[in-house]
Every structure is written in structure tokens, then in C-alpha cells.
Amino acid sequence: MVIGNKTFKDTGTYIMGILNVTPDSFYDGGQFDDMDSALYQAEQMMRDGADIIDIGGESTRPGHEPISCDEEMERVIPVLTEIKKRIDIPVSVDTYRSTTAKEAIAAGADMINDIWGLNYAGNDVSMADVVGESGVAVCIMHNNTNMYKADIKDKKAIQDNLSHIISDVRASVDMARAHGIKDEKIIIDPGVGFAKDYAMNMAVMANIDRFVELGYPVLLGASNKSVIGDALDVPVEERLFGTVATSVYAATKGVRFVRVHDIIGNRHAVLMADKLLDVRVW
């Protein structure tokens, strides 16, 4: 697929670098919420090997304080504009608001990363229409107003929930196609950390090949999230190795993109995994 001026092949795993221009994101809130620090971080991520940068203006951590559309745009659009002037790298904007998406696309965004999978009820104009009319790429993430829960040992409940989650993703993809978004512009994200408890977050990652089987490039966004902290019993600042493990596992299952905070470690890990996969003979 093509995002911006870059062609992404159907093999190998690419790195999406997270640039949160927010004061309250769970991992790096406040570190890059002024122009100079945001631009420096974007340039550093590119030097470290990021293939695409994803700018977010609103924290979506559990318990976050929602902000207005105007405030989101005030955070995102100036940074996006300056990055597009200075750095030759595809840029995604992490937003579920169609108004923000439209302004971001006008400012040069190459992709919209929608945590509501085109289904946010508060939009006056359909996100699918905005993306479809623009021709930019879109990442459709799984989310739901209902929580998917299971006991970690209840395989049947996990299997049933996975089937429902995959059905949700299919419905979002069908909506995208109905609004003129071309298949080659669609990425899907199983939505780790959204509308899922610990067991279902683990199950989604463990069975991510089922999402790959849908036929669209898959993005995994598990970087430093609470599911890793819960699995390893470590605080947020000690989740790098757990994040790298999820990236390597994803690479072996055919995932095309991993969305991460720490570029170098994840890039080296998935590159090594890709090289090993290239020489498999069985």
C-alpha cells in the first residue's frame, strides 16, 4: 500500500512512531506538547528508523479527560504542518473526530488513525465520508461501547469474544468500502486496550493471525500498555522488553505495522525477526 509518498510492501514489519502532543498521555504525557520538543522528537524518531509518525492530540488512556475538537486541532494541526514542511516521512493523525480529520488532511496528513473504527457517534459528518473523499489511508481500530470480558482460562468465552470482535472489524471495513475507501488504503487494528479486559487483550494479541487472515495490513498498538504491565507485574516505565516481545511475536504472525513509543529497540527486534523469517526452509 501507499501512504503519502512511501510504498509499504506486503512483507516485513514497519514501525509507526507515537508522537503524543498531549499533557496527559499515560506514557509520555507532557514531554512533547510544545512545538520545539515535538519537532525534535519527530526528527529523532525518523533518525531512529520510524517508517511513519502518528500524531495524537487527545489522550485515550483509561479515565482520560475528553477535550474539545477545537483544542485537539490547536494541538495537532500546527505540529503536523511543521513536520510536513521539515521531514520527509508519512504522517498519520490519531483522531476519531471527522472535523479534526478533515483539517488534518488539508494540512498534509497522509493517514487517519481512528480509534472508533469510523463509528464515533458524535461526528456531524461521517468519518468514512471524510476519508473516502480525500483518498488518504485509514487505520480502522476495533472499539465498542460494550466491554469484551472473559476468564483467562475460559477458552470458549475467549473464542466467542474473538469471533464477535472480528465481526465488528469486518463491519467497519464494510462501512469503509461502502463510502469509497479503497481496499489498498485500509489498515486494521484489533484495538488492544480498548473495550477489552486483560484476558481479551491477551487473546487478541495471541491470536492476531486471525486478523491478518482478513486480508488487510494489520497494525498492533500494544506499546507499554497496561496489559503488558499486568502480564509482567511491572510499572509503565519497565514495559519496554514486554513491548518488544509483542512486536516480535506480531512480526512472526504477519503483522505489517507496530505502533510504538521506543523506536530503536522495536525496530531492531522486528528487523531481526523479519530476517529470520526470510531464511526459513520449513
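Residues numbered from 1 in each chain as written. Predicted model: local features only at pLDDT ≥ 70, side-chain atom pairs only at ≥ 80, totals over all residues. Heavy atoms only, no water.

A. Just the packing of aromatic side chains, in detail. Tallied over the full model, the rule gives 4 aromatic pairs. The interplanar angle of 80° and the centroid separation of 4.8 Å between the aromatic rings of Phe8 and Tyr14 together place this pair among those described as edge-to-face. With a centroid separation of 4.6 Å and 65° between ring planes, the pair formed by Tyr96 and Tyr120 is classed as edge-to-face. Here Tyr120 lies in the loop between β6 (111-114) and α4 (127-134) and Tyr96 lies in the loop between β5 (91-94) and α3 (98-106), a separation of 24 residues in the sequence. When its relative accessible area of 29% is taken as the criterion, Tyr120 is described as partly exposed. (Phe/Tyr/Trp six-rings, centres within 6.5 Å; stacked < 30°, edge-to-face > 60°. Helix = DSSP H or I, 4+ residues; strand = E, 2+ residues; numbered from the N terminus. Buried < 20%, exposed > 50% of the residue type's maximum accessible area, 1.4 Å probe, protein only.)

B. Representation of the nonpolar core in the model. If you look at the biggest cluster of nonpolar residues, it comprises 67 residues, and the most contacted ones within it are Leu19, Ile55, Ile83, Ile186, Phe211 and Leu220. For this core, the element with the most residues is helix α5 (residues 155-178), which contributes 7 residues. Those residues in contact with Ile186 that sit more than four places away from it in its chain are Met1, Val138, Ile140, Val173, Ala176, Arg177, Ile181, Tyr216 and Pro217. By size, the runner-up hydrophobic cluster in this structure holds 12 residues, among which are Ile3, Met111, Leu219 and Phe257. (Core = buried A, V, L, I, M, F, W, Y, C linked by side-chain atoms within 4.5 Å. Contact = heavy atoms within 4.5 Å.)

C. The state of the cysteines, seen in detail. Following the criterion strictly, the structure yields 0 disulfides and no others. Among the cysteines around Cys139, which has no disulfide bond, Cys69 carries the closest sulfur, lying 20 Å off. For Cys139, a relative accessible area of 0% puts it in the buried group. (Disulfide = S-S within 2.5 Å.)

D. View of the pattern of salt bridges. Evaluated as defined, the whole model comprises 10 salt bridges. Residue Arg75 pairs with Glu71 through a salt bridge whose shortest N-O separation is 2.9 Å. With Arg75 and Glu71 both in helix α2 (residues 69-86), this residue pair falls 4 residues apart, about one helical turn. The partner of Asp160 in a salt bridge is Lys156, and the shortest N-O contact between them spans 2.8 Å. You can see Asp160 and its partner Lys156 sitting in helix α5, 4 residues apart, about one turn around the helix. Residue Asp160 is classed as partly exposed on the basis of its relative accessible area of 34%. The class of Lys156 is exposed, set by a relative accessible area of 58%. Here the residues in one salt-bridge network are Asp54, Asp94 and Arg259, joined through shared partners. (Salt bridge = Lys/Arg side-chain N within 4 Å of Asp/Glu carboxyl O.)

E. Structural view of helix α1 (residues 35-48). Spanning 14 residues, α1 covers 20 Å between terminal C-alpha atoms, matching the ideal 20 Å at 1.5 Å per step. Buried residues along α1 sit against β3 (14-20), β4 (52-56), α2 and α10 (263-278). Its side-chain oxygen placed 3.2 Å from the backbone nitrogen of Asp36, Asp34 serves as the N-cap of α1. In the stretch just after α1, Gly49 is the one whose phi turns positive, near 115°. (Expected span 1.5 Å × (residues − 1). Polar contact = N/O pair within 3.5 Å; in protein donor to acceptor, adjacent residues only side chain to side chain.)

F. Local environment of the pairing of β4. Most of β4 is tucked away: 5 of the 5 residues are buried. Here β4 shows a buried face lined by Ile52, Asp54 and Gly56 and a second buried face lined by Ile53 and Ile55. Bridging between β3 and β4 involves 5 bridges; their strand directions are parallel. Note that in β4 the partner of Gly17 across the bridge is Ile53. Bridging between β4 and β5 involves 4 bridges; their strand directions are parallel. The residue of β5 that forms the bridge with Ile53 is Val91. (Pairing = 2+ DSSP bridges.)

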